[in-house]
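Commentary on secondary and tertiary structure
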Amino acid sequence: AGPSAAPPAEPLGWRAPVDCVRANELCAAEAACSARYRTLRQCLAGRDRNTMLANKECQAALEVLQGSPLYECRCKRGMKKELQCLQIYWSIHLGLAEGEEFYEASPYEPVVSRLSDIFRLASIFSGTDPAGASKSNQCLDAAKACNLNDNCKRLRSGYISTCSRELPAAERCSRRKCHKALRQFFDRVPGEYTYRLLFCSCRDAACAERRRQTIISFRSPLALPFILLSLGFYLFLSPSLARSRAAGARSRLADFHANCRAAPQAPGGCPGDNFQACLGSYAGLIGFDVTPNYVDASPGGTVVSPWCSCKGSGNREEECETFLRDFTANPCLRNAIQAFGNGTDGVPAVKGPSAPATALPPKLERSPALPDAANDSNATYDTSLITTCTSVQ
């Protein structure tokens, strides 16, 4: 018998942390830690970082807490008290950085496993028979599979009806309700269904349009030119606002940056070539202000972008362009999407050059909704109904 399989390698320097809710309980049980934590919270209330650090009492409290379990704590995705855990995490780390770093550390525990059941299922869904695969529509199959699961069908129907229903001209779609319905779908439905809907592989425009319509997210024309409407919630808010309004959103963006940042030294372009972690972090953004989607219905296209541009960014235009490129020109994210569509969790085969991505996503017109019972083959679906651009440019 060969040697037993070694456990998955953990990130260098990483040690299993206490979750922040438990760390808060441990701190509360120790008089010195509890007192310093109360002091820090008072220091952060309504003050910017420079003002806080100018106060010796605040600085002393922060230095003491850096040696406590609160500083090392992290949160588990989907845990029962996730929002409370994230708020505790940022109450410490906002005092240290407060958005000064463009890429912030993720408050979540790292995804160590590289090959999950979701990727194994994807290898079955993708099919091995070239003749059969050329006729299949993986996105339509994914929608049908969702409809066979009561929970998936109910929550998918819920966000579709909330985000895409026709309204009188005087009545506006509720952005808050739409995003909440999207978050509930991707938080409560297993990845074996959501990943198939988001990352299905397409060979024709009709299939790609169905994939694009998976996310029918609220989009306000007034919000498109201002990237800071998205970035501001996560990177530039005061600590008190971030704790109360955007702890979850800021955490999802930080997690995306941690797991999907382009890593040129890695063969697959991802940190640790962990495609599973990248796709999970990408799905975690859906339902927040930075809700990405495919920019067009190009077959085989994997270019995604949030619904915003860098117009009006002022002296932060370069920073804004960097933010957009993390979606539109990110080899890690592109390779992860292609790998799932191919049914693998390895480095995808190098393909021919694709059209360069532009920072500004093309304007998308409203396209007809695709019923799940429809056959999306080009022979039966009129692709002239698709009014999106057929290439990124």
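Residues numbered from 1 in each chain as written. Predicted model: local features only at pLDDT ≥ 70, side-chain atom pairs only at ≥ 80, totals over all residues. Heavy atoms only, no water.

Concerning the overall build of the chain
Helix and strand counts for the chain stand at 19 helices and two strands. In the chain, which comprises 393 residues, the share counted as buried stands at 48%. Of the contacts formed within the chain by residues at least 6 apart in sequence, a portion of 74% connects residues at least 24 apart. Carbon and sulfur atoms make up 53% of the accessible area of the chain, which totals about 19300 Å². (Helix = DSSP H or I, 4+ residues; strand = E, 2+ residues; numbered from the N terminus. Buried < 20%, exposed > 50% of the residue type's maximum accessible area, 1.4 Å probe, protein only. Contact = heavy atoms within 4.5 Å. Areas by Shrake-Rupley, 256 points an atom, 1.4 Å probe, with all protein chains shown as cover.)

A word on the confidence of the model for the chain
Looking at the chain as a whole, the pLDDT averages 74, with 65% of positions reaching at least 70. When the criterion is pLDDT under 50, residues 128-133 qualifies, and its contacts beyond four places in sequence or with other chains add up to two contacts. Taken together, the stretch residues 218-244 has pLDDT below 50 and engages in 70 contacts with residues farther than four places along the chain or on a different chain. (pLDDT = per-residue confidence, 0-100.)

Focus: the packing of aromatic side chains
Under the counting rule described, the total for this entry stands at nine aromatic pairs. Arranged with centres 6.1 Å apart and planes meeting at 70°, the rings of phenylalanine 199 and phenylalanine 340 form a pair that is edge-to-face. Of this pair, phenylalanine 199 sits in helix α12 (residues 191-199) while phenylalanine 340 sits in helix α19 (residues 331-341), and the two are 141 residues apart along the sequence. According to the relative accessible area criterion, phenylalanine 199 is buried, its value standing at 1%. Here phenylalanine 340 falls in the buried class, since its relative accessible area comes to 4%. (Phe/Tyr/Trp six-rings, centres within 6.5 Å; stacked < 30°, edge-to-face > 60°.)

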